[in-house]
Amino acid sequence: MLEAILILAGLAIIFGLLLGFAEIRFKVEGDPVVDRIDAILPQTQCGQCTYPGCRPYAEAIVKGEADINQCPPGGEVVIQHLADLLDVEPKPLNADNGEEKEQKTVVIIDEQICIGCTLCIQACPVDAILGAAKQMHTVISDECTGCDLCIPPCPVDCIYIVPLEPELTAWKWPLPAGEQA
Amino acid sequence: MTNAVGRFHGGLHLEDHKACSMQSAIVAAPLPEQLIIPLLQHIGAPLEPLVKPGDHVFKGQLIADSDANLSAPVHAPSSGTISAIEERSIPHPSGRAEKCIVIETDGKDEWPGDRQTYKNYQSLSADQLRTIIRQAGIVGLGGAGFPSHIKLNPGQHQINTLILNGAECEPYISCDAMLMQERPRDIINGLKIIRQTVNARQCLIGIEDNKPAAIAALSNCLNDDEKQYIKIITVPTLYPSGGEKQLIKLLTNLEVPSRQHPVDVGVVCHNVGTAIAVADAVIEGIPLISRTMTITGGAVNKPANIQSLLGTPMRHLLTACGLDDHKLQRLIMGGPMMGFEISSMDTPVIKTTNCLLAMDKQETGEPQTALPCIRCGECAVVCPAQLLPQQLYWWAKARDFDKTQEYNLFDCIECGCCSYVCPSHIPLVHYYRFAKTAILEEERDRIKSDRARDRHDFRLLRLERKKQEDEERKRKKKELLKKVNDDKSDSKKSEIEAALERVKAKKQATRETEQSRDS
């Protein structure tokens, strides 16, 4: 009887030590689920989800504060991926957050009208606008995510949304006729 | 002449329809009034034009190039004047219009003067040959048009076998067969130049056994010395024996592993047409400005093989071969298995145009509606890449692209065998093309969003740093102010203390004098 108790107690101590060691040795820095959600999000940094960027939205999803259907730039594809990752049912995009764009867009600045106020530069979440005070500004279109955050602050309305024409090398075969696109 | 040593999985016996276009010798197409040269003709970076509207160009003059290594320049196919650089419809499955250089020909077809030729190419180094081949704008003329100088640079790999692809397995196409019959010497010369460039031990020329005339012409052309290292190998007629990996299996019994290239197993494979282009470029100094192609199909009265200048509008060539507009149902560039539909006959021919197939009603057949997959497994039986087409179809349809890659979607060579045998008439290859391009798009999007994340993170870092720096500055200023105040008060204190001391001392002194007076 005493033997059995001692053996079990000994085992419990050994495994307890092992587990304790493993927790210290293999400690995961940060929150891997947030990273994985952040990797799915389109990084537009537009704030349409009501959070100040993609990562805060990812954190809010993990905390259970936000739903998976609040990202209009990501649209259905992102919702599907998030649903797969979190093992929940996909749902349609929340219309309160905005609509999914049919085509990717970027913005351009009409340099004739621009007065060089730098307000758009301060609004751009990815530093894709180049310029200085009282100097003409321009958009680095390769870096523009199409978030349109620079448009409201512009005092002279010289920023326009233009559809992004994909290059021929980026052309995508459509689904066969009769399939739902 | 020997027989194939290996065989590949699956494949199809198809009616070849080649004889009709092989009745007469290759003829040169008449010079068109206008040549349209797209700036993006094949795999690789788009080119920058080096001429502007109004310029006069000579035949063979370089008109567009790119700094990117994965690209090949283009040359003016004939002399004339640049009339525009504008968007024209180009041969591409999208049917899109893209930037093209338009040349109004002057009919003189004149070269700028003497061409740089290298009759004694044996003395040139591999690097020199690759440079000449790149400058001549040569790409693989068999199908996809991969820039040849890249395939001619094996790098660290030791090349054991150089394969010349003369299988030409797709129905209707006969241009390679005609070239082998008519220009065997040029093919052997091109082969020797390529061999010198990649330093290959042996050369194998693979030809399907339905082309006895081509096999005979090439065999008779070889001299005793060349026979030491060049072997002509007959392969059974079975589609798609001309696929690169399939032909390598047939000729060497080597299998190129998934996601690897022929160089990884010590093999380089080129098309016979490419060999002629290489010989022309090095020995004659002629860049790639024309190519031989098959014009065939039920809607043309005189099917033939034509040597056409690049940039010639398709209508011009089809008319020369007696196109019957009423019969034409569908115009295909390439063969019936792997080609794609061309929507406008004003589209020019490009470096990769190996065949124009003008189909009549009988050839297109009745349009078939796709029925549900019945899981018969016929597609897996015929797949030359040993894939599971029905599984790939299933996952592509469901847009589960991770799964399609698990089932090796990118090993699919889009030969069309699966769609051909499918009893439910499912356009299987179309689904695979959709899935492949969708995966590539996701990959591009991922790279772009990673960059956006980095830039956003950097911005946050920058703003944070600025805030910290501002606070630091404020703090320092406050400290400085405090210090100054403290210093001031310190000096005052000491002054007061000193004064008090003095007063104290004075009082002490007076008291002492008073005491001494009292006593």
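Every value quoted in this text rests on a predicted model; they were computed, and no experiment measured them.

Calculation criteria
- Residues numbered from 1 in each chain as written.
- Chains lettered and ligands numbered in written order.
- Predicted model: local features only at pLDDT ≥ 70, side-chain atom pairs only at ≥ 80, totals over all residues.
- Heavy atoms only, no water.
- Helix = DSSP H or I, 4+ residues; strand = E, 2+ residues; numbered from the N terminus.
- Rg over C-alpha atoms; globule rule 2.2 N^0.38 Å.
- Buried < 20%, exposed > 50% of the residue type's maximum accessible area, 1.4 Å probe, protein only.
- Contact = heavy atoms within 4.5 Å.
- Areas by Shrake-Rupley, 256 points an atom, 1.4 Å probe, with all protein chains shown as cover.
- Lys, Arg positive; Asp, Glu negative; His and termini not counted.
- Charge placed at Lys NZ, Arg CZ, Asp CG, Glu CD.
- Axes fitted to C-alpha atoms, helices over the stretch in contact; angles between N-to-C directions.
- Parallel < 35°, antiparallel > 145°, perpendicular 65-115°, else oblique.
- Left-handed = near helix turned anticlockwise from the far one by under 90°.
- Nonpolar A, V, L, I, M, F, W, Y, C, P; charged D, E, K, R; others polar.
- Pairing = 2+ DSSP bridges.
- Salt bridge = Lys/Arg side-chain N within 4 Å of Asp/Glu carboxyl O.
- Polar contact = N/O pair within 3.5 Å; in protein donor to acceptor, adjacent residues only side chain to side chain.
- Domains from an automatic or database assignment.
- Buried area = accessible area lost by both parts, 1.4 Å probe.
- Core = buried A, V, L, I, M, F, W, Y, C linked by side-chain atoms within 4.5 Å.
- Expected span 1.5 Å × (residues − 1).

Quick look at the overall build of chain B
The secondary structure content of chain B amounts to 15 helices and 18 strands. For a compact globule of 519 residues, the expected C-alpha radius of gyration is about 24 Å, and chain B comes in at 37 Å, more than 25% above that figure. For chain B, the residues scored as buried account for 48% of the 519 residues in total. Sequence separation of 24 or more characterises 73% of the internal contacts of chain B that already satisfy a separation of 6 or more. Element-wise, carbon and sulfur atoms account for 50% of the exposed surface of chain B, whose accessible area totals about 25,800 Å². Between the centroid of the 65 positive side chains of chain B and the centroid of its 66 negative side chains there is a distance of 8 Å.

Things to note about the packing of helix α1 (residues 126-135) of chain B against helix α4 (residues 184-198) of chain B
Residue and element names in this part refer to chain B. Where α1 meets α4, the axes come as close as 8 Å, and the angle between the chain directions of the two elements is 125 degrees. In terms of orientation, α1 and α4 fall into the oblique class. Where α1 crosses over α4, the handedness of that crossing is left-handed. Between α1 and α4, the residues in contact are A126, L129 and R130 and I193, Q196 and T197, respectively. A class-by-class count of the residues in the contact of α1 with α4 yields three nonpolar, two polar and one charged.

Re the sheet that holds strand β11 (residues 202-208) of chain B
Residues and elements named next belong to chain B. Spatial ordering of the open sheet is given by β1-β12-β11-β10-β13, a layout of five strands whose pairing is parallel. One side of each edge strand has no neighbouring strand; the edge strands of this open sheet are β1 (2-3) and β13 (267-271). Pairing geometry for β1 and strand β12 (residues 230-235), over two bridges, is parallel. Among the inter-strand pairings, T2 is bridged to a residue of β12, identified as I233.

Remarks on the interface of chain B and chain A
Contacts between the two partners involve 30 residues from chain B, matched on the other side by 36 residues from chain A. Counting the contacts that link chain B with chain A gives seven salt bridges. In this structure, E441 of chain B and K172 of chain A form a salt bridge, with 3.2 Å as the shortest nitrogen-oxygen distance. There are 16 residue pairs in polar contact (both at pLDDT 80 or more) connecting chain B and chain A.

Remarks on the domain arrangement of chain B
It is common to give the size of an interface as the accessible area lost on bringing the parts into contact. All names here are of chain B. Splitting chain B by domain gives domain 1 (22-110 + 120-359) and domain 2 (371-481). Taking only C-alpha atoms into account, the centre of domain 1 sits 32 Å from that of domain 2. Taken together, the contact pairs nine residues of domain 1 with 13 residues of domain 2. For the pair domain 1 and domain 2, the two sides together bury roughly 810 Å², of which 48% comes from carbon and sulfur. In this assembly, domain 1 and domain 2 are joined by zero salt bridges. For the pair domain 1 and domain 2, the interface holds five residue pairs in polar contact (both at pLDDT 80 or more).

Things to note about the nonpolar core
Residue and element names in this part refer to chain B. Core analysis: the largest hydrophobic core is formed by 48 residues, its most contacted members being I138, I205, L218, I230 and V282. Sorting the residues of this core by element identifies α1, β10 (161-166), α3 (175-182), α4, β11, α5 (212-221), β12 and α8 (272-284) as the ones contributing at least two each. Broken down by element, this core gets its largest block of residues, nine residues, from α8. If we ignore the near neighbours within four places in the chain, the residues touching I138 are A72, I133, P147, S148, T274, A277, V278, A281 and L288.

Side note on the sheet that holds strand β9 (residues 97-105) of chain B
All names here are of chain B. Ordered by their spatial adjacency, four strands build an open sheet running β3-β9-β8-β5, and the pairing between neighbours is antiparallel. The two strands at the open ends of the sheet, each matched to only one other strand, are β3 (34-38) and β5 (56-57). Sheet topology note: the strand β8 (residues 80-89)/β9 ladder contains nine bridges and is antiparallel. Following the sheet pairing, I85 is matched in β9 by I101.

Brief notes about unusual backbone geometry
The omega angle of the peptide bond from Y239 of chain B to P240 of chain B is -5 degrees, so this bond is cis rather than trans. Counting through the fold element by element, P240 of chain B comes out in the loop between β12 and α7 (244-252). If you check the backbone angles, Q45 of chain A has positive phi at about 60 degrees while not being a glycine. On the secondary structure map, Q45 of chain A appears in the loop between α2 (32-40) and α3 (54-63). Relative accessible area serves as the criterion here: at 5%, Q45 of chain A is assigned to the buried category.

Describing the pattern of salt bridges
What the rule picks out here adds up to 36 salt bridges over all chains. With its nearest N and O atoms 3.1 Å apart, the salt bridge here joins R446 of chain B to D450 of chain B. One end of the pair is R446 of chain B and the other is D450 of chain B, both in helix α15 (residues 428-518) and four residues apart, which spans about a single turn. On the basis of relative accessibility, which here comes to 39%, the residue R446 of chain B falls in the partly exposed class. A single salt-bridge network, built from bridges that share partners, covers D35, D38, R55 and E59 of chain A together with E443, R446, D450 and R453 of chain B.

Brief notes about helix α1 (residues 2-25) of chain A
Taking 1.5 Å of rise per residue, the 24 residues of α1 of chain A would be expected to cover 34 Å, and the 34 Å separating its terminal C-alpha atoms lies within 8% of that figure. Within α1 of chain A, only zero of the 24 residues are buried, which leaves it mostly out in the open.

Focus: the pairing of strand β1 (residues 105-109) of chain A
All names here are of chain A. Along β1, four of the five residues are buried, which leaves the element largely enclosed by surrounding structure. Where β1 and strand β4 (residues 159-163) come together, five bridges link them in antiparallel fashion. In the sheet register, I109 faces β4, and the bridge partner there is I159.

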